[in-house]
Amino acid sequence: MSVLSRVSSMPLRGFLHLGCAFATTMLMIGAGGVGITSAKAQNGLGAPNSSAALLAELASNTSSFADKAALGEALYFDTNLSKNRTQACASCHEPTTGFRDPRSEIAHGAYSLGDDGASLGDRNAPMAAYAKFAPDFHFKEDGTPVGGQFWDGRAKDLAEQAGGPPLNPVEMGMPDKATVVARLQEDEDYVESFKSLFGDDVWSDTDRAYAAMTDAIAAFERTDQFAPFDSKYDRFLRGEYKMTPQEELGRVLFFSQQFTNCNVCHQLKSSPTAEGETFTNYEYHNIGVPRNVAVRLENAKDPDFTDNGLLDNPAIDDPAHKGKYKTPSLRNVAVTGPYMHNGVFSDLRTVIKFYNKYNSRAKSAQLNPETKQPWGDAEVPETISLKELEQGDALDTKRIDALVAFLKTLTDARYEPLLAEQEEVAARAKKK
């Protein structure tokens, strides 16, 4: 594909990330048609280039992408990297919906549909935002597993995670790395950009080319687009936003050492007013989540399926870790439901009530408000983290509402309209 042909067909994000030749060029549109003038000439540093000369200059540019992150962005949105050319990373981690799967009509959002248009995964797609802050998977000195990517940490880091979905038969469905690399080589801009960014011999080895692809995607996921830290909570810390009384009560309760157990697992920094809090310590716990029987039955999946959680990580062989999952970040939690590893809960308030069942003796606390039935048996009952779950007091309605209000303040500024939409939907539902 020629340089100009690619510009005419690529999305705006790709155009903005083109290399220096395009970055220093202006398209001057006038009555006489389209004229291309070099920015260098406009600055008085030389005579205007002829169209032919400029085209030659553009064509000589060895990379259509300014850096690895720009290349990674193109790869992140590229559906050609799936077997049927229908699915990209963004299909399950869409930026406009909080980097979660936007297809809420499929399996009620609990599971993601694969490239084949039929396969469903067994886990809810995690939010990709703020994922760069997870440490590489490792064990602490006391043997506690921590960090990594995916619910079970089986990918050590972002790059390893990016290499998983293309080869997963129920996700992007490519048979092997060689097939993925062949797809990459169909694109002239990828071919030249990989050489420019990773070395001229990058295509000589399949594993190296595949690793370059995952490295580029990881570089994109490390950009500020994924972690802007501009929520109401962040603005509050900077003195730019005043919490409402309800939000402030929720904040105090969340970080309390006495009244709730939220911060036992969802606080990383030592201070409750530290900037850059990701609201997870990246450790693993079994909190007694029930199977998502209803959605599994509706989608012809085995309702008795048991997910082993952390035990599915190749680095783990101790059955004491069965049913444990990585504590997720609470950033954007209000707009990234459904919740838990299997998407069993639809509403954020339900999640708070689920935790409250461990500390409240009230009969109402033992019922799932979404089903009006008992919560259901834990998928893996033998490894539940009761020590952590039973810290804190029972929560009344006022405190539950306050915690939900505080969690909404963790929503990035660009997703605040999604919160407004939720409130409108809830208001309409009340009127019915």
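Residues numbered from 1 in each chain as written. Predicted model: local features only at pLDDT ≥ 70, side-chain atom pairs only at ≥ 80, totals over all residues. Heavy atoms only, no water.

Draft legend 1. Local environment of the confidence of the model for the protein chain. Scored by pLDDT, the protein chain has a mean of 88; 86% of the residues are at 70 or more. When the criterion is pLDDT under 50, residues 1–50 qualifies, and its contacts beyond four places in sequence or with other chains add up to 65 contacts. (pLDDT = per-residue confidence, 0-100. Contact = heavy atoms within 4.5 Å.)

Draft legend 2. Structural view of the packing of aromatic side chains. Inspection of every chain in the model, using the stated rule, returns 31 aromatic pairs. Between Tyr-130 and Phe-133, the aromatic rings sit 6.5 Å apart at their centres with planes inclined by 25°, giving stacked as the arrangement. Classification of Tyr-130 by relative accessible area gives buried; the value is 2%. For Phe-133, a relative accessible area of 33% puts it in the partly exposed group. Aromatic side chains Phe-354 and Tyr-358 sit 6.0 Å apart centroid to centroid with 85° between the ring planes, which places their arrangement in the edge-to-face category. There is no split in this pair, since Phe-354 and Tyr-358 are both buried. (Phe/Tyr/Trp six-rings, centres within 6.5 Å; stacked < 30°, edge-to-face > 60°. Buried < 20%, exposed > 50% of the residue type's maximum accessible area, 1.4 Å probe, protein only.)

Draft legend 3. Structural detail: the packing of helix H16 (residues 348–356) against helix H18 (residues 397–408). Interaxial distance between H16 and H18 falls to 10 Å at its minimum, and their mutual angle equals 130°. Of the possible angle classes, the one that applies to H16 and H18 is oblique. Along this stretch, H16 crosses H18, giving a crossing that reads as right-handed. On H18, the residues that touch Leu-348, Arg-349, Ile-352, Lys-353 and Asn-356 of H16 are Thr-397, Ile-400, Asp-401, Leu-403, Val-404 and Leu-407. (Axes fitted to C-alpha atoms, helices over the stretch in contact; angles between N-to-C directions. Helix = DSSP H or I, 4+ residues; strand = E, 2+ residues; numbered from the N terminus. Parallel < 35°, antiparallel > 145°, perpendicular 65-115°, else oblique. Left-handed = near helix turned anticlockwise from the far one by under 90°.)

Draft legend 4. Geometry of the side chain of Arg-123. Within the secondary structure layout, Arg-123 lies in the loop between helix H7 (89–92) and strand E3 (138–139). In this structure the side chain of Arg-123 is engaged in a polar contact, spanning 3.3 Å, whose partner is the side chain of Asp-312. In contact with Arg-123, not counting residues within four places along its chain, are Ala-110, Tyr-111, Trp-151, Asp-152, Arg-154, Asp-307, Gly-309, Asp-312, Tyr-325 and His-341. (Polar contact = N/O pair within 3.5 Å; in protein donor to acceptor, adjacent residues only side chain to side chain.)

Draft legend 5. The arrangement of the pattern of salt bridges in detail. One pass over the full model with this rule turns up 18 salt bridges. Residue Arg-103 is joined to Asp-101 by a salt bridge in which the shortest nitrogen-to-oxygen separation is 2.9 Å. Of the charged contacts, one joins Lys-140 and Glu-283 as a salt bridge, the two residues approaching to 2.5 Å between their closest N and O atoms. Of this pair, Lys-140 sits in the loop between E3 and strand E4 (145–146) while Glu-283 sits in the loop between helix H14 (262–266) and strand E5 (284–285), placing them 143 residues apart in sequence. According to the relative accessible area criterion, Glu-283 is buried, its value standing at 15%. A cluster of three or more residues bridged by salt bridges with shared partners is formed by Arg-123, Asp-152, Arg-154, Asp-307 and Asp-312. (Salt bridge = Lys/Arg side-chain N within 4 Å of Asp/Glu carboxyl O.)

Draft legend 6. Structural detail: helix H9 (residues 177–184). If you check which residues of H9 are buried, you get Val-180, Val-181, Arg-183 and Leu-184. Viewed along the axis of H9, the buried residues span an arc of 155°, placing them on a single side of the element. Considering only its buried residues, H9 is in contact with helix H6 (68–76), helix H10 (188–198) and helix H11 (206–221). The residue sitting at the N-terminus of H9 and contributing the capping side-chain oxygen is Asp-176; that oxygen lies 3.3 Å from the backbone nitrogen of Ala-178. (Arc of directions from axis to C-beta.)

Draft legend 7. Fine view of unusual backbone geometry. The residue after Gly-337, namely Pro-338, is reached through a cis peptide bond having omega 5°. Tracing the backbone shows Pro-338 in the loop between strand E6 (325–326) and H16. Non-glycine residue Arg-85 carries a positive phi angle of around 60°. Its place among the elements puts Arg-85 in the loop between H6 and H7. The phi angle at Lys-372 is positive, at roughly 65°, despite the residue not being glycine. Topologically, Lys-372 is positioned in the loop between strand E7 (367–368) and strand E8 (373–374). Lys-372 gets classed as exposed once you look at its relative accessible area, which sits at 59%.

Draft legend 8. Local environment of the layout of surface pockets. Approximately 910 Å³ is the volume found for the second largest pocket. As for the second largest pocket, its lining consists of 24 residues, of which Ala-334, Ser-346, Asp-347, Gln-422 and Ala-426 are closest to the centre. At the level of secondary structure, the elements contributing two or more residues to the lining of the second largest pocket comprise H16, H18 and helix H19 (416–431). Sort the elements by how many residues they give to the lining of the second largest pocket and H19 lands first, with nine residues. In terms of residue class, the lining of the second largest pocket is built from 11 nonpolar, six polar and seven charged. (1 Å grid on protein atoms, 1.4 Å probe; cavity = no way out; pocket = protein on both sides within 12 Å on 5 of 7 lines; lining within 4 Å. Points joined across faces, edges and corners; volume = space filled by probe spheres on them. Nonpolar A, V, L, I, M, F, W, Y, C, P; charged D, E, K, R; others polar.)

Draft legend 9. Fine view of the side chain of Lys-324. One can find Lys-324 in the loop between helix H15 (293–298) and E6. Of the side chains with opposite charge, Asp-318 lies nearest to the buried Lys-324, which makes no salt bridge, at 7.6 Å. Filtering out sequence-adjacent residues up to four positions away, Lys-324 remains in contact with Tyr-284, His-285, Asn-286, Asn-308, Gly-309, Leu-310 and Thr-383. (Lys, Arg positive; Asp, Glu negative; His and termini not counted.)

Draft legend 10. Here's a closer look at empty space enclosed by the protein. Within the structure shown, the criterion is met by three cavities of 30 Å³ or more. In this structure, the largest cavity occupies an estimated 80 Å³ of space. Lining the largest cavity are Arg-100, Asp-101, Ser-104, Gly-109, Asn-124, Ala-125, Thr-336, Gly-337 and Pro-338. Here the lining of the largest cavity is composed, by residue class, of two nonpolar, five polar and two charged. Its boundaries defined by the atoms lining it, the second largest cavity holds a volume of some 50 Å³. Lining of the second largest cavity is provided by Tyr-111, Asp-122, Arg-291, Asn-292, Arg-296, Phe-305, Asp-307, His-341, Asn-342 and Glu-379. By residue class, the composition of the lining of the second largest cavity is two nonpolar, three polar and five charged.

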